Amino acid sequence: MTNIDKVYNPQSIEQHWYQTWEEKGYFAPSGQGAPYCIMLPPPNVTGSLHMGHGFGFTLIDVLIRYQRMMGKNTLWQTGTDHAGIATQMVVERRLNVENKTRHDLGRDAFVEKIWEWKEESGGNITRQLRRLGASMDWSRERFTMDDELSQAVREVFIKLYEEGLIYRGKRLVNWDPVLLTAISDLEVVNQEEDGKLWHIRYPLAQESGYLVVATTRPETLLGDVAVAVHPDDERYKHLIGKEVKLPLTDRTIPIIADDYVDPLFGTGCVKITPAHDFNDYAVGTRHGLTPINIFTPTAHLNDQVPTAYQGLERFAARKKIVADLEAQSLIEKIDNHKLKVPRGDRSNAVIEPYLTYQWYVNSKLLAEPAIKAVENGDIAFVPENWNKTYFQWMHNIEDWCISRQLWWGHRIPVWYDEANGIYVGQDEVDVRKRYNLADDIILKQDEDVLDTWFSSALWPFSSLGWPKDTIELDTFFPTNVLVTGFDIIFFWVARMIMMSLKFTGQVPFREVYITGLIRDAEGHKMSKSKGNVLDPIDLIDGISADALVQKRTYSLMQPAMAQKIEKATRKEFPEGIPSYGTDALRFTFCSVASYTRDIRFDTNRLAGYRNFCNKLWNASRYVMMNTEDKKIEAVEANALSAIDKWILSRLQTTIEAAHLALKQYRFDLFAHALYDFTWNEFCDWYLELSKPILTGNENSDIQNGTRHTLVNVLETLLRLLHPIMPFITEEIWQRIAPLAHKEGNSIMLQPYPREESNLIDQTAVDQIEWLKRVIVAIRTIRSEMNIAPGKPLPILLRKGTGQDRDYVAKQHNLIMTLARLESINWLSEQDSPPPSATAFVDELEIFIPMAGFINKEEETARLNREIAKLEKELTGIANKLQNPTFVEKAPVPVVEKEKAKHQEIETTLAKLKEQLQKLA
């Protein structure tokens, strides 16, 4: 055979083929056909490939490879994101090891350090993407801080500012007191933790008595500006408009009425602290209350509080405040209480709602056309139910805080003069020119950078050359589909739609395919703290148990947690993770890619799909073994044998199913259709059925037809499988293509198979499906009766139709060979068979005489098992047919099919019971 190894070894072929494809430029657009473009959701430049990346990027690559083979001018636009906070933290930690901070270096030197780090480590994730087989056009790789993309960012900021859609305002933000920056909601993790609920007495100012207010944050009491009650709460109606004394201060604050208050929760009284609670901020705005900010940026109490508490860290202040309240008998009670604590996903610090000046985008005006784009069908979500999530967010959109107090990122293109006048431009030279400023006017640029999501929102068009170079934009924009997770529909998807419509007048993509989130086999979120994270590269290459334990525990500070994770890891992977190869991993990802919200990833599946790769490899070796040294002539379809016509027919059905599944983004159905055809029909049945023809006394034309079919079905199957399994299909195709008279340098440049309905021969399909049922029936009896597989059996046939007799005559040789028979004889309908094991294929009765082969008790037990199985199935169908909802709403053909199945099972049951009675 042509240099094909006996055993499939993915490590020996994967990197070779990827390097070949990339060097030859096969990933670039062809320049021919209708354009098809997908934007890569840009991963963090200093990040590593995680399971979510591996999953989503595999699905994109399947679409790209499919559309490329469909003749489209295909572009997978790739690139990475500068990832403001994440990248800055990595470099700061490196400095900390040297006992330095970024402030020791200064801004310019620190940013230069980050660029150095990016050059050193930024290629890690792109190397991993190559290992995954991602067919991206690397010659067009972009980075969100490239000069061209940075210019686009500044251009958008300037235009939005000039239109009044960007403004600077003092509002409440998520503030990280460790990183000293505002962060987005996506960067806040709400964790359930054990806490306390303090019930505090607020004395009435004008009369005796007090209101009891419950709070989980007594330290914010010093920033209270009101106590709110529900306007219809009879307990407090008489107090609305009066005042209470704010404990520990010399201030009085009003009692206000607001529908926000739940009168059934606690005492029905709520402290209002607008500067340190988002809900309170809204209440304060409605009532014209002035917020009082009591914290510094590092979450220490500032000079807005009594002297005794100034300078205290917030949790130290909490202890002192509670102690002082108790000393004044102002604590009614303290309850244990579980509460959601917002923590920064990178610093793990408790996030503080903080009142500060920031830059904002007026999102409501931008949202209106973005809502209409989905409403009128310019953009379609798949599955459609995600429309609701999108609309819910968009109809309730708030202004977007776009400034971050970082050094790494797109610096806000705003300059201030000494009188705090504001000027915007591409740079200081541009600012002076725009505003005609004299050289002696001193300007200072804003210290903040833009939210990473701001530049990401421009990604679909900025990465294609906007605003300067529109050649690529004219060809590939709008893009065809965005593939992403549901967790960033608002943070990224919606903002891309808003910005694209605003600056290009077009939607950024026609469809948005929303994937589920990859979880572990138990359905838990994958996280470092849980110790259940998997690295896709480890699944491809394999990893020892020791190395996996070290990988999962090295950054954990708590020894008890590390020990727990080590124990769980060694239990789950006692021998480590074996090497599965890229194709098996990609197939596994596709097989679980349904429309569900959460996707459980079980590594046991990988072994099954690695076996699938081996099955395909061995099948290919069989085909080459039987065709390489033979002259294979072209053959007309009508001259083929029934088995050849059958496999060609089933191939067409599979091709149709593959196209439909990918059109609907049902990667799971796509994988299932290809798996079922490859394993069950091609390998398990067709190859077995071909052996008697190729090794027997069939005439040379029939043998030639089967060889021709073997080669051409395998070659077509390889092209069908290529988008999902690129490496193994390329390796095999290089050897099969010459036998199938196919020209070309790579399978990835070949046309994707299309259904040829003229090759569907229903007569052949019916005949071979009948043949399979007969062989399975005989093999089942042989297996259940423990008859040796190689022992020839006599069988008797009775009843059946004229077609059954015709099929037996036509397929006599295959039945004898594949069922390992000694003889086939027909009984007349009046003849009674000897004591036999019995099977039924519709009306055809199959008897295997028991004499010398079968134990009577075992056959009785087998018949009872079969009867019980069919009776259970019959009950299920009967319940369905008795359900009015099913009968009325299901399509008529479906109902009729169930009725026919019910009748068929009843007939088979009657025959089995009759046979059981004869054995009694």
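Within any chain, residue numbers begin from 1 and follow the written order of that chain's sequence. Under the rules for a predicted model, residues below a pLDDT of 70 receive no local features and side-chain atom pairs below 80 are neither given nor counted, while totals for whole chains, interfaces and linings still include all residues. The side-chain figures draw on all heavy atoms in the structure; neither hydrogens nor water molecules are used.

**Q** Where do I start with helix α8 (residues 278–286) in this structure?
**A** Along an α-helix, residues three or four positions apart point the same way, because every turn accommodates 3.6 residues. Burial classes: relative accessible area under 20% of the type maximum marks a residue as buried, over 50% as exposed, and values in between as partly exposed (1.4 Å probe, protein chains only). Going along the chain from the N terminus, every DSSP run of H or I of four or more residues is numbered as a helix, and every run of E of two or more is numbered as a strand. Of all the positions in α8, only Asp280, Val283 and Gly284 are classed as buried. Summarising the axial view, the buried residues of α8 lie within an arc of 100°, below the 170-degree limit, and thus occupy one face. For α8, the exposed residues lying more than 90 degrees away from the buried face are Thr285 and Arg286. Between two residues, a contact is recorded if the distance between any of their heavy atoms is within 4.5 Å. Its buried side turned inward, α8 meets β11 (252–257) and β12 (270–272). Positive backbone phi, approximately 65°, marks Gly288, located one or two places after α8. Picture the helix axis, draw a direction to every C-beta atom, and the arc is the one those directions span.

**Q** Looking at this structure, I do not really get the pairing of strand β2 (residues 73–77). What am I missing?
**A** β2 sits mainly inside the fold: five of its five residues count as buried. Burial along β2 is two-sided: Asn73, Leu75 and Gln77 and Thr74 and Trp76, pointing in opposite directions, are all buried. Two strands pair when backbone bridges link them, and strand β1 (residues 35–39) and β2 are joined in this way by five bridges, in the parallel orientation. Within β2, the residue paired with Cys37 across the bridge is Leu75. Only strands that DSSP links by at least two bridges are regarded as paired with each other.

**Q** Which parts of the structure should I look at to understand unusual backbone geometry?
**A** The residue after Val382, namely Pro383, is reached through a cis peptide bond having omega -5°. Tracing the chain through its elements places Pro383 in the loop between β15 (380–382) and α11 (386–395). Cis geometry is adopted by the peptide bond preceding Pro467, which originates at Trp466 and carries an omega value of 5°. Position of Pro467 among the secondary structure elements: in the loop between α14 (459–462) and α15 (471–476). Of note, the phi angle at Leu248 is positive, near 70°, even though the residue is not glycine.

**Q** Looking at this structure, how should I read the nonpolar core?
**A** If you look at the biggest cluster of nonpolar residues, it comprises 142 residues, and the most contacted ones within it are Phe601, Phe667, Phe682, Ile724 and Ile846. Here this core takes 14 residues from helix α23 (residues 667–695), the largest share from any one element. Leaving out residues up to four positions away in the same chain, Ile846 has contacts with Val774, Ala777, Ile778, Ile795, Leu796, Leu797, Ala837, Thr838, Ala839 and Val841. The term nonpolar core refers to a set of buried residues drawn from Ala, Val, Leu, Ile, Met, Phe, Trp, Tyr and Cys, joined through side-chain atoms within 4.5 Å. Core analysis: the next-biggest nonpolar cluster, separate from the first, contains 64 residues, Val374, Val414, Trp453 and Ile488 among them.

**Q** Would you mind showing me how to read the sheet that holds β11 here?
**A** Sheet strands associate in pairs through backbone hydrogen bonding, adopting either a parallel or an antiparallel arrangement. One open sheet accounts for four strands, arranged β10-β11-β9-β12; its pairing is mixed. Looking at which strands have only one partner, the edges of the open sheet turn out to be β10 (243–245) and β12. This sheet shows a mean twist of 35° between the axes of neighbouring strands, independent of strand direction. Sheet topology note: the strand β9 (residues 226–229)/β12 ladder contains three bridges and is antiparallel. Across the sheet, Val227 pairs through a bridge with Lys271, a residue of β12. Axis definition: a line fitted to C-alpha atoms, over the contacting stretch in the case of helices. Angles run 0 to 180 degrees between N-to-C directions.

**Q** Honestly, the pairing of strand β7 (residues 188–203) in this entry has me stumped. Any pointers?
**A** Note on strand geometry: in a regular strand, side chains alternate between the two faces of the sheet. Examined bridge by bridge, β7 and strand β13 (residues 331–344) share 13 bridges and lie antiparallel to one another. Looking at β13, one finds that Glu193 is bridged to Leu339. Two elements, β7 and strand β8 (residues 210–215), share six bridges in a ladder whose sense is antiparallel. Across the sheet, residue Trp198 finds its bridge partner in β8, namely Thr215.

**Q** Can you walk me through the packing of aromatic side chains in this structure?
**A** The geometry of two aromatic rings is summed up by the distance between their centres and the angle between their planes. Stacked, tilted and edge-to-face are the three classes applied to pairs of Phe, Tyr and Trp rings, where Trp contributes its six-membered ring and a pair requires centres within 6.5 Å; stacked means planes under 30 degrees apart, edge-to-face means over 60, and tilted covers the rest. Applying the stated criterion to the full structure yields 36 aromatic pairs. Judged by centre distance (5.3 Å) and plane angle (15°), the rings of Tyr513 and Tyr665 are stacked. Here Tyr665 lies in the loop between α22 (642–663) and α23 and Tyr513 lies in strand β23 (residues 509–515), a separation of 152 residues in the sequence. Neither residue differs from the other here; Tyr513 and Tyr665 are each classed as buried. Pairing Trp770 with Tyr807 gives two aromatic rings, centres 5.2 Å apart and planes at 55°, and the pair type is tilted. One end of the pair, Trp770, is in helix α26 (residues 762–784); the other, Tyr807, is in helix α27 (residues 802–810), and 37 residues separate them in sequence. Here the two residues Trp770 and Tyr807 agree in accessibility, since each one is buried. Site record: aromatic cluster; members linked through ring pairs are Phe587, Tyr609, Phe612, Tyr675 and Trp679. Charge-over-ring placement is defined geometrically: NZ (Lys) or CZ (Arg) within 6 Å of the ring centre, and within 35 degrees of the ring normal. The ring centre of Trp138 lies 3.9 Å from the NZ or CZ of Arg130, which sits over that ring.

As far as function goes, none of this settles anything; it's purely spatial.
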